[in-house]
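Structural features, examined
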Amino acid sequence: MDDINLTNSEWYVLDCLWTHSPMTVMELVAALGDRLGWAKSTTITTLRRMEDKGLVHCTVEGRGKHYAPAVRRDRAVRRETRSFLDKVYQGSVGLMVSALAQDKALSKAEIDELYEILRKAEEGER
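This structure is a prediction, so every number in the text was calculated from the model and none was measured.

1. Side note on the sheet that holds strand β1 (residues 23-24)
In spatial order, the strands read β1-β3-β2; together these three strands make up an open sheet with antiparallel pairing. The open sheet terminates on both sides in strands that have one partner only, identified here as β1 and β2 (56-61). Alignment of β2 against strand β3 (residues 64-69), held across six bridges, turns out to be antiparallel. If you follow Glu-61 over to β3, its bridge partner there is Gly-64. Packed onto the sheet, helix α1 (residues 8-19) meets β1, β2 and β3 and runs at close to 95° relative to β3. Across the face of the sheet, helix α3 (residues 40-53) comes into contact with β2 and β3 while running at roughly 110° to β2.

Encoded structure:
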């Protein structure tokens, strides 16, 4: 997973599967159709490509296919976060937080949450 960058489409499929898994093709068609307006063929093509990449597992039960994520959400989130930081902020968390602070995009509760995260990180280093 470390060398795989998820496309937006792959992220949407995995998000459905992380929430409720396993899902049948038709359940995914319905969920992604409602959320994104995808046609059945788009969902099936995306699932096939994701299976080829090792992002999802498919099991056949009777005449139906059931899909489950082959990638854990926490690993994907960390990888996507690192990719975003590297691309947009040259890998710097400080630059990202500074940009958010300058845009006044952080609420008091979010600032308090950041302080708590940093406090716990500092305690973990000791």
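Having seen the structure, we can now continue with the description.
2. So, helix α5 (residues 93-102)
If you check the start of α5, you find a side-chain oxygen 3.4 Å away from the backbone N of Gly-94, and it comes from Ser-92. Just downstream of α5 lies Lys-104, where phi reads positive at about 55°.

3. A look at the packing of aromatic side chains
What the rule picks out here adds up to two aromatic pairs. When the ring of Phe-84 is compared with that of Tyr-89, the centres are 5.8 Å apart and the planes differ by 70°; the resulting orientation is edge-to-face. Residue Tyr-89 is classed as buried on the basis of its relative accessible area of 17%.

4. Details of unusual backbone geometry
Omega for the bond connecting Ser-21 with Pro-22 falls within 30 degrees of zero, at 0°, which places this linkage in the cis form. On the secondary structure map, Pro-22 appears in the loop between α1 and β1.

5. Quick notes on the pattern of salt bridges
If you walk through the whole model with that rule in mind, you get ten salt bridges. With its nearest N and O atoms 3.0 Å apart, the salt bridge here joins Asp-15 to Arg-73. Of this pair, Asp-15 sits in helix α1 while Arg-73 sits in helix α4 (residues 73-89); the two residues are 58 residues apart in sequence, bridging distant segments of the chain. In this structure, Arg-82 engages Asp-86 in a salt bridge whose closest nitrogen and oxygen atoms are separated by 3.6 Å. Linking Arg-82 with Asp-86, this pair stays in helix α4, spanning four residues, or about one helical turn. Bridged by salt links that share partners, the residues Glu-116, Arg-119, Lys-120 and Glu-123 form one connected network.

6. What about the packing of α1 against α4?
Running from N to C, α1 and α4 point in directions that differ by 150°, and their axes come no closer than 11 Å. By the angle between their axes, α1 is roughly antiparallel relative to α4. Crossing of α1 against α4: the hand is left-handed. Contacts from Trp-11, Asp-15, Trp-18 and Thr-19 in α1 reach Arg-73, Ala-76, Val-77 and Glu-80 in α4. Partitioned by chemical class, the residues of the contact of α1 with α4 number four nonpolar, one polar and three charged.

Conventions adopted
- Every chain is numbered independently, its residues counted from 1 as its sequence is written.
- In view of the model being predicted, local features appear only for residues whose pLDDT reaches at least 70, and side-chain atom pairs are presented and counted only at 80 or more, with totals across whole chains, interfaces and linings using the full set of residues.
- Hydrogens are left out, water is left out, and the side-chain values use all remaining heavy atoms of the structure.
- Strand pairing follows a simple DSSP-based rule, namely that at least 2 bridges must link the two strands.
- Helical segments are the DSSP runs of H or I of at least four residues, strand segments are the runs of E of at least two, and each set is numbered from the N terminus.
- Any two residues having at least one pair of non-hydrogen atoms within 4.5 Å are treated as being in contact.
- Only C-alpha atoms enter the line fits that serve as axes; for helices the fit covers just the stretch in contact. Angles between N-to-C directions range over 0 to 180 degrees.
- Counted as a polar contact is a pair of N or O atoms within 3.5 Å, where, for protein atoms, one must be capable of donating a hydrogen and the other of accepting one, and residues adjacent in sequence contribute only when both atoms are in side chains.
- Each pair of aromatic rings taken from Phe, Tyr and Trp, with Trp reduced to its six-membered ring, is defined by centres within 6.5 Å and is described as stacked if the planes are under 30 degrees apart, edge-to-face if over 60, and tilted in the remaining cases.
- Accessible area is worked out with a 1.4 Å probe on protein chains only. A residue is then buried under 20% of its type maximum, exposed over 50%, and partly exposed in between.
- What makes a salt bridge here is a side-chain nitrogen of Lys or Arg within 4 Å of a carboxyl oxygen of Asp or Glu, nothing more.
- When an angle is under 35 degrees it counts as roughly parallel; over 145 it counts as roughly antiparallel; between 65 and 115 it counts as roughly perpendicular; any other value is oblique.
- Left-handed describes a crossing whose near helix is turned anticlockwise from the far helix through less than a right angle; right-handed describes the clockwise counterpart.
- In this classification, Asp, Glu, Lys and Arg are treated as charged, Ala, Val, Leu, Ile, Met, Phe, Trp, Tyr, Cys and Pro as nonpolar, and every other residue, Gly included, as polar.

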